[in-house]
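# Remarks on the overall topology
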Amino acid sequence: MSKIAIIGNGISGVTAARFIRKNSMHEVVLISEESEYFFSRTALMYVYMGHMRWKDIQPYERGFWKKNKIDLIQARAESIQFDKKCIQLNNGSTVNYDYLILATGSKSNKYGWPGQDLSGVRGLYHKQDLEYLERCSSGIRRAVIVGGGLIGIELAEMFQSRNIPVSFLVREPQFWSMILPEEESKMISRHILQHGIDLRLNSQLKEINGDEAGKVHSVTLDSGEEIKCDYVGLTAGVSPNIKFIESSEIETDRGILVDEYLRTNIPDVFAIGDCAQLRNPRRGRRDVEAVWYTGRMMGECVAQTICGEQKIYDPGIWFNSAKFFDIEYQVYGQVPSKMTDDLESFYWAHENGKKSIRIVYEKIQQTVVGFNLMGIRFRHEVCEQWILRKSTLDKVLEEIRLAFFDPEFYEDCSAAILENYCKKFGKKIEATAGWRLDEANLFLNKNNQKT
């Protein structure tokens, strides 16, 4: 029996611990300073908004860890002696290991802005960030958010839930325009404005200004304009949390470099989740992917390898989902913000301006490579199968109803989409499938047998 130490109790570290226990009787130690028990990081905003209590975002009962013989240590790893297989903790104790899994997550980015360390200036990633925001909230008359990503819009919605006015600084010409195609980016920018947020496009932070007590009182933009505020949320992305091992012999770049088995250059040491950087990511995937489901997949994969059945990490086709106030967002496969020379897309938007689909396809072969969905939810497995089997654009439109859920709960826009497609391309196509679950399952079973 080996001893396995895991630094980090986020989704990747906890998944690794659970699957090591499921597959073996190895001794498992889970180390984290942030919180004693695992919680859902993506649900932090709902605690602030009053939709959930803290205990509601903890997926496991307190007794789960003891019952499954997973030891928890609430402390910070200060350093690691890899040659001695020993971790030094900030409480003065040490932990020895046979195998080590680094799952240290991310940290909020700071770009050296003057005033970025003032009181009332903070990112939003850790439990402690939420607690700090809660302590400050009663005195906030206006907040400024810097950075137009997913965390930024979550923070805007959180402030709005407490009637705190928000100015939202976005460097790009539209919200998230580095990721979203122009039409979708403009849709979300309009939606943000409709929710009463003071969205400032093409705006950059120059400095954060404080009073004599070191408390923020305003920001100055690169235009010279000053905005009074009592809180500044720094949400200009996140990066791997690896500072405490950067001076060690472990190889790092932006993150901890790992191979396809999630192994680092140090024997018996692995890295997973947001802190890991793949040396050779598969086509269509990034080397660092700070998303929930890839952390979970990495945790399962590394557990299997440590338990004796080596497994290559393969996240499959890219997908992600998010929510922009009331608009749900899903993406499957390749959807560049600007179409490349070999790609084209079919775009349809609902007349209410809050729903759209984009289907990306190769110009020559007409094979579909990606989907972008706003305000409309498609069946994940169906989209994945269309991409895997290289379905043509015409074929996907014929089968489009397979992707819709029960219209009793979700509006079926397939007729309007087909009509628009036929009009745009001068074609006559009729739907050959329905939305019913048994039809979707039949389609999936048939195609799973082929792949």
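Reference entry: report on the structure contained in this document. Please read these numbers as outputs of a predicted model, since none were measured by experiment.

Position of threonine 367 relative to the elements: it lies in the loop between β24 (356-362) and β25 (368-374). Within the local environment of threonine 367, its side chain forms a polar contact with the side chain of glutamate 362, the two groups lying 2.6 Å apart. Ignoring any residue separated from it by four or fewer positions in sequence, one finds threonine 367 in contact with Val360, Tyr361, Glu362, Lys390, Ser391 and Thr392.

This part takes up helix α1 (residues 11-23). Between its terminal C-alpha atoms α1 stretches 18 Å, which fits the 18 Å expected from 13 residues at 1.5 Å a residue. Burial of α1 is extensive: 10 of the 13 residues sit out of reach of the surface. Where α1 is concerned, the buried positions are Ile11, Ser12, Gly13, Val14, Thr15, Ala16, Ala17, Phe19, Ile20 and Arg21. Looking at the buried positions of α1, the neighbouring elements they touch are β1 (3-7), β2 (27-31), α3 (63-67), β3 (70-73), β7 (99-102) and α7 (292-306).

Attention now goes to unusual backbone geometry. Of note, the phi angle at phenylalanine 325 is positive, near 55°, even though the residue is not glycine. With respect to the helices and strands, phenylalanine 325 occurs in the loop between β21 (319-324) and β22 (327-333). Backbone geometry places glutamine 366, a non-glycine residue, at a positive phi of 65°. Summarising the element assignment, glutamine 366 is placed in the loop between β24 and β25. The class of glutamine 366 is partly exposed, set by a relative accessible area of 27%.

Of note, glycine 115 is situated in the loop between β8 (106-108) and β9 (121-122). Looking at glycine 115, the relative accessible area reads 24%, which means it is partly exposed. As for glycine 115 and glutamate 207, which are separated by 92 residues in sequence, their C-alpha atoms are 6.3 Å apart. The residues touching glycine 115, leaving out its near neighbours within four places in the chain, are Val121 and Ile208.

Here the focus is the sheet that holds β3. The sheet built from 5 strands is open, its strands ordered β3-β2-β1-β7-β19 with parallel pairing. What marks the edges here is a single partner per strand, and that holds for β3 and β19 (269-271). Across the sheet, the mean angle from the axis of one strand to that of its neighbour is 20°, orientation sign disregarded. Judged from the 5 bridges that link them, β1 and β2 form a sheet pairing that is parallel. Bridging from a neighbouring strand, isoleucine 6 pairs with leucine 30 of β2. Most of the contacts of α1 go to β2, to which it runs at about 170°, and overall it touches β1, β2, β3 and β7.

Attention shifts here to the pattern of salt bridges. Inspection of every chain in the model, using the stated rule, returns 30 salt bridges. In this structure, arginine 263 engages aspartate 259 in a salt bridge whose closest nitrogen and oxygen atoms are separated by 2.8 Å. The partner of arginine 282 in a salt bridge is aspartate 314, and the shortest N-O contact between them spans 2.5 Å. Of the two residues, arginine 282 sits in the loop between β20 (276-278) and α7 while aspartate 314 sits in the loop between α7 and β21, which places them 32 residues apart along the sequence. Through salt bridges with shared partners, a single network forms among Arg389, Lys395, Glu398 and Glu399.

If you look at the biggest cluster of nonpolar residues, it comprises 79 residues, and the most contacted ones within it are Phe159, Phe168, Ile359, Phe371 and Phe378. If sequence neighbours within four positions are ignored, phenylalanine 371 has contacts with Gln330, Val331, Tyr332, Val335, Arg358, Ile359, Phe378, Cys383, Trp386, Ile387 and Val396. With 51 residues, the next largest nonpolar core counts Phe38, Val269, Leu278 and Tyr313 among its residues.

Right, let's get into the side chain of asparagine 372. Locating asparagine 372 in the fold gives a position in strand β25. Polar contacts involving the side chain of asparagine 372 include one to the side chain of glutamate 184, which spans 3.2 Å. Every residue in contact with asparagine 372, bar those within four places of it in the chain, is listed here: Leu180, Pro181, Glu184, Tyr329, Gln330, Val331, Val335, Ser356, Ile357 and Arg358.

Analysis parameters
Residues numbered from 1 in each chain as written. Predicted model: local features only at pLDDT ≥ 70, side-chain atom pairs only at ≥ 80, totals over all residues. Heavy atoms only, no water. Helix = DSSP H or I, 4+ residues; strand = E, 2+ residues; numbered from the N terminus. Polar contact = N/O pair within 3.5 Å; in protein donor to acceptor, adjacent residues only side chain to side chain. Contact = heavy atoms within 4.5 Å. Expected span 1.5 Å × (residues − 1). Buried < 20%, exposed > 50% of the residue type's maximum accessible area, 1.4 Å probe, protein only. Pairing = 2+ DSSP bridges. Axes fitted to C-alpha atoms, helices over the stretch in contact; angles between N-to-C directions. Salt bridge = Lys/Arg side-chain N within 4 Å of Asp/Glu carboxyl O. Core = buried A, V, L, I, M, F, W, Y, C linked by side-chain atoms within 4.5 Å.

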